[in-house]
Amino acid sequence: MTLNANHEKRESEFPSDVAKAVQDRVKLLTPPSSFEYLWHLYQQSNRGNQRAGHLLKSTKRRKWILSLNVVVLCLVFVFGAGMISQTFGATLKKIPFIELLYKHSGGLPNGLEQIDQKNLSTSVNLSATNKDIKFSIVDVFYDGFQIVINYEVDFLNTQTKLTSEDATMNYDYKIEGAHPTMISTHVFTITGDHTFVGTTLIDTATLPDHPEITMSVNQIGNTKGNWKVTVPLSSEKSSRLTTTFHPEISAAYKNITITVNKITFTPVTTQLEIKSKERDLSFKIKDDLETPFEYAGGRGGNGEHFLSFSPVSLINPKPRFLTLVIMDTSGVTVNQKNVYADYTDKFPITMQGYNGGFIKITNVEFLADTTIVYYEASDANNQTPFLMFQDSSGKRYSYNKHPIRLSRDTFSYKLQFPKLDSVSGLKFLMPIDVFEEEPKKPLEIKIPLNWGD
């Protein structure tokens, strides 16, 4: 598969397996409330939240929601030349690849920052030079489920400063004996007069032992050529921080047996292996504090489902149990209404939530390059609202990192937004889902976890 930084492919142009993966990622970026609202209607004592575009089929979405989905196929952000350093080679290792990915992508599950914080990537120095352009892979990360590749491009013999058109690439990737799902996101950043860097995030299926990934680049900027680099992948660093459970717990839903075979916790991913012949089901998980895990993609076939979620929360790194929630969302129709609240410097600012609940915004920090919102939810069902800013011009800002829970005892969170262009006439905006018919009852499976300590 080739992704062009200048052109977005329509879904129909992809092979069927890739198109399905694209659909999963598109659904991941839609608002989070639907599933939890359904869930709340039936079991008030077992609440939670997650972005649930992959869970419910909404027939009446707002146009602004659709615009967010564009980032799935080709997400490229290019910054001013010289932003990081003119002496690129000397500062390459200091470039915050993951930070740039979070800051400018949005919708990515929390956890990738652990790669930098725990030094989980492997430095490499592999490159290919063609047409006076050098393509180098700097470092790679692999935990068995995700691959993160960081690379640099250096225009060797040019006197012209790079433009946004130059800081783009067309490329394919290949792993012998395996078929990664898709390129989830990539970000290109100009770092000097003649250099830019990039990060590519790839979801994987089961890979062979000692896998190698080959990136083949056929165009950089407007220059066509041939740059091919093969990189070995190793999960050795992350495996030391990985724990696997084999629950083998089964339950029946709609006369179908569902079995949780395996749960793997890595520093950046939680993956479940589930056996079920039913294909049209939706899955989510929460921990023993009712903290939801963000959905991060999935795949399946031959009665098996492989579901990826965010890692455990920092405040609850070893939960006593997980709860798997299963729902049939076929035929569910949901509309939306928008709830607004004017921004003031007097807190708390209370906003209507789901099913009589609410959130209280307790503080806002306008920092040099980001905006942080602190809030507390009335209940588990309102933990992770799809909260946005809207300024006086009508421009909307969605968060670029999922909410981070701050307390074990209350549903207190912080939420990160980009820097706002203006605070004039600033409002908070939160869509609330309204269902046209009574939803079907979900199934919950409690999965005990014995961490051995």
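This section reports on the structure supplied with the text. Bear in mind that the values here come from a model prediction, so they are computed numbers and not experimental data. (Residues numbered from 1 in each chain as written. Predicted model: local features only at pLDDT ≥ 70, side-chain atom pairs only at ≥ 80, totals over all residues. Heavy atoms only, no water.)

1. Remarks on the sheet that holds strand S24 (residues 401-405)
Strand order in the open sheet formed by five strands is S19-S20-S21-S25-S24, and the pairing between neighbours is antiparallel. Of all the strands in the sheet, the pair left with one neighbour each is strand S19 (349-352) and S24. Strand-to-strand, the axes of this sheet are offset by a mean angle of 30°, without reference to chain direction. (Pairing = 2+ DSSP bridges. Helix = DSSP H or I, 4+ residues; strand = E, 2+ residues; numbered from the N terminus. Axes fitted to C-alpha atoms, helices over the stretch in contact; angles between N-to-C directions.)

2. Considering unusual backbone geometry
With an omega dihedral of 5°, the bond running from Phe-347 to Pro-348 counts as a cis peptide bond. Considering the arrangement of structural elements, one finds Pro-348 in the loop between strand S18 (334-342) and S19. Positive phi values are uncommon outside glycine, yet Asn-119 reaches one of about 55°. Structurally, the position occupied by Asn-119 is in the loop between helix H6 (114-117) and strand S2 (122-130). Residue Asn-119 is classed as exposed on the basis of its relative accessible area, which comes to 52%. Even without glycine at this site, Glu-248 takes up a positive phi of about 50°. You can see Glu-248 is positioned in the loop between strand S10 (243-245) and strand S11 (249-253). (Buried < 20%, exposed > 50% of the residue type's maximum accessible area, 1.4 Å probe, protein only.)

3. Here we look at the layout of surface pockets
Estimated volume of the second largest pocket: approximately 1,000 Å³. At the level of elements, helix H5 (97-105), H6, strand S21 (370-377), S24 and strand S25 (412-418) are the ones that each hand at least two residues to the lining of the second largest pocket. With five residues, the top contributor of residues to the lining of the second largest pocket is S24. Of the residues belonging to the lining of the second largest pocket, the class tally is 19 nonpolar, 15 polar and 13 charged. (1 Å grid on protein atoms, 1.4 Å probe; cavity = no way out; pocket = protein on both sides within 12 Å on 5 of 7 lines; lining within 4 Å. Points joined across faces, edges and corners; volume = space filled by probe spheres on them. Nonpolar A, V, L, I, M, F, W, Y, C, P; charged D, E, K, R; others polar.)

4. Re the packing of aromatic side chains
The final tally for this structure, using the stated rule, is 15 aromatic pairs. Seen from their ring centres, Phe-386 and Tyr-399 are 5.9 Å apart, and the 80° between their planes marks the pair as edge-to-face. Taken as a pair, Phe-386 in the loop between S21 and strand S22 (388-390) and Tyr-399 in the loop between strand S23 (396-398) and S24 lie far apart in primary sequence, 13 residues in all. Taking relative accessible area as the criterion, Tyr-399 reaches 2% and is therefore assigned buried. Aromatic ring contacts, followed pair by pair, group Tyr-343, Phe-347, Phe-366, Phe-386, Phe-389, Tyr-399, Phe-417 and Phe-428 into a single cluster. Here Lys-446 stacks its cationic end above the ring of Phe-321, 4.2 Å away from the centre of that ring. (Phe/Tyr/Trp six-rings, centres within 6.5 Å; stacked < 30°, edge-to-face > 60°. Lys NZ or Arg CZ within 6 Å of the ring centre and 35° of its normal.)

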